[in-house]
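Each chain, letter by letter, is given below.
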Amino acid sequence: MNFARKTVASRIVISMLAGLLIGAAINEISFLFLRESARAPRVIELVIPDGTAEKVARGEAPPTIPTSMTFVVGDTLLVKNDDKSNHELGPLWIPAGTSASLSLDAAQSYAFDCSFQPGQYFDLDVREALTAGTRLYGILFSGIPLGILIALYALIAPAKKKALI
């Protein structure tokens, strides 16, 4: 292999490594914002406190109940009704003093009818769990094209000429 081929090969290898490194950095920074979906499925409890029906009737939002929630596929939402009134959340009917659960088995956004929110609806966002495979796919999906672009630039950039002393 002559000097020119070695130079071209080393530029391509270094460019691809740089592209993958930059892709990894960009993806890991973006994955920091997705921390809530980087976990295994679990049971998440939502408690409807006593006095919620009266607050909703006055148009007030119960302070302990969020207006929306985010889940990963496989989670189960357990709604516990500590109120004296019966409540509804989409397909769930939750009589006073009881609980009901909803399995979230598909990635989708839901807007359910809801009796314990003043707006009468509740948003549930179900996302795919962020796995090591997802992260690797993101790094490769961005790093390889970036490496190719860097390699193309490195190949057309003029080589440094050694100064003669």
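Shown above is the structure to which this text applies.
Residues numbered from 1 in each chain as written. Predicted model: local features only at pLDDT ≥ 70, side-chain atom pairs only at ≥ 80, totals over all residues. Heavy atoms only, no water.

Asks: An account of the pairing of strand E8 (residues 121–127) is requested, with residue identities and associated values reported.
Replies: Judged by which residues are buried, E8 turns out to be one-sided: Phe-122, Leu-124 and Val-126 face inward and are buried, whereas Tyr-121, Asp-123, Asp-125 and Arg-127, on the alternate face, are not. Judged from the five bridges that link them, strand E2 (residues 68–72) and E8 form a sheet pairing that is parallel. The residue of E8 that forms the bridge with Phe-71 is Val-126. Here strand E7 (residues 108–113) pairs with E8 via six bridges, running antiparallel. Paired with Phe-112 across the strands is Phe-122, a residue of E8. (Buried < 20%, exposed > 50% of the residue type's maximum accessible area, 1.4 Å probe, protein only. Helix = DSSP H or I, 4+ residues; strand = E, 2+ residues; numbered from the N terminus. Pairing = 2+ DSSP bridges.)

Asks: Explain the pattern of salt bridges to me, using residue names and the numbers behind them.
Replies: With the rule as written, the count across this model stands at five salt bridges. Two residues, Glu-28 and Arg-135, come together in a salt bridge whose shortest N-O distance is 2.4 Å. One end of the pair, Glu-28, is in helix H1 (residues 3–32); the other, Arg-135, is in helix H3 (residues 132–156), with 107 residues separating them in the sequence. A salt bridge links Lys-84 to Asp-50, with the nearest nitrogen and oxygen atoms 2.7 Å apart. Highlighted residues: Lys-84 in the loop between strand E3 (76–81) and strand E4 (87–89) and Asp-50 in the loop between strand E1 (43–48) and helix H2 (52–57), separated in sequence by 34 residues. According to the relative accessible area criterion, Lys-84 is exposed, its value standing at 65%. (Salt bridge = Lys/Arg side-chain N within 4 Å of Asp/Glu carboxyl O.)

Asks: Describe the side chain of Asp-75, listing the residues and the values that go with them.
Replies: Secondary-structure assignment places Asp-75 in the loop between E2 and E3. Judged by relative accessible area, which is 0%, Asp-75 ranks as buried. Of note is the side chain of Asp-75, whose polar atom sits 3.0 Å from the backbone nitrogen of Val-72. When near neighbours in sequence (up to four residues on either side) are disregarded, Asp-75 contacts Arg-39, Ala-40, Pro-41, Arg-42, Ile-44, Leu-102, Ser-103 and Leu-104. (Polar contact = N/O pair within 3.5 Å; in protein donor to acceptor, adjacent residues only side chain to side chain. Contact = heavy atoms within 4.5 Å.)

Asks: Requested: an account of unusual backbone geometry, with residues and values cited.
Replies: Residue Gln-120 is not a glycine yet carries a positive backbone phi of 65 degrees. With respect to the element layout, Gln-120 can be found in the loop between E7 and E8.

Asks: Describe the nonpolar core, naming the residues involved and giving the relevant values.
Replies: If you look at the biggest cluster of nonpolar residues, it comprises 20 residues, and the most contacted ones within it are Met-69, Phe-71, Leu-77, Leu-89, Phe-116, Phe-122 and Leu-124. Contributions of two or more residues to this core are made by E1, E2, E3, strand E5 (92–94), strand E6 (99–103) and E8. The contact partners of Met-69, leaving out residues within four places of it in the chain, are Ile-44, Leu-46, Leu-77, Phe-122, Asp-123, Leu-124 and Asp-125. (Core = buried A, V, L, I, M, F, W, Y, C linked by side-chain atoms within 4.5 Å.)

Asks: Explain the sheet that holds E6 to me, and be specific about the residues and the numbers.
Replies: The three strands lie next to each other as E1-E3-E6, forming an open sheet whose pairing is mixed. Of all strands in the sheet, those bounded by a partner on one side alone are E1 and E6. Strand-to-strand twist of the sheet, defined as the mean angle between neighbouring strand axes without regard to direction, takes the value 20 degrees. With six bridges connecting them, E1 and E3 associate as parallel partners. What sits directly across from Ile-44, in E3, is Leu-77. (Axes fitted to C-alpha atoms, helices over the stretch in contact; angles between N-to-C directions.)

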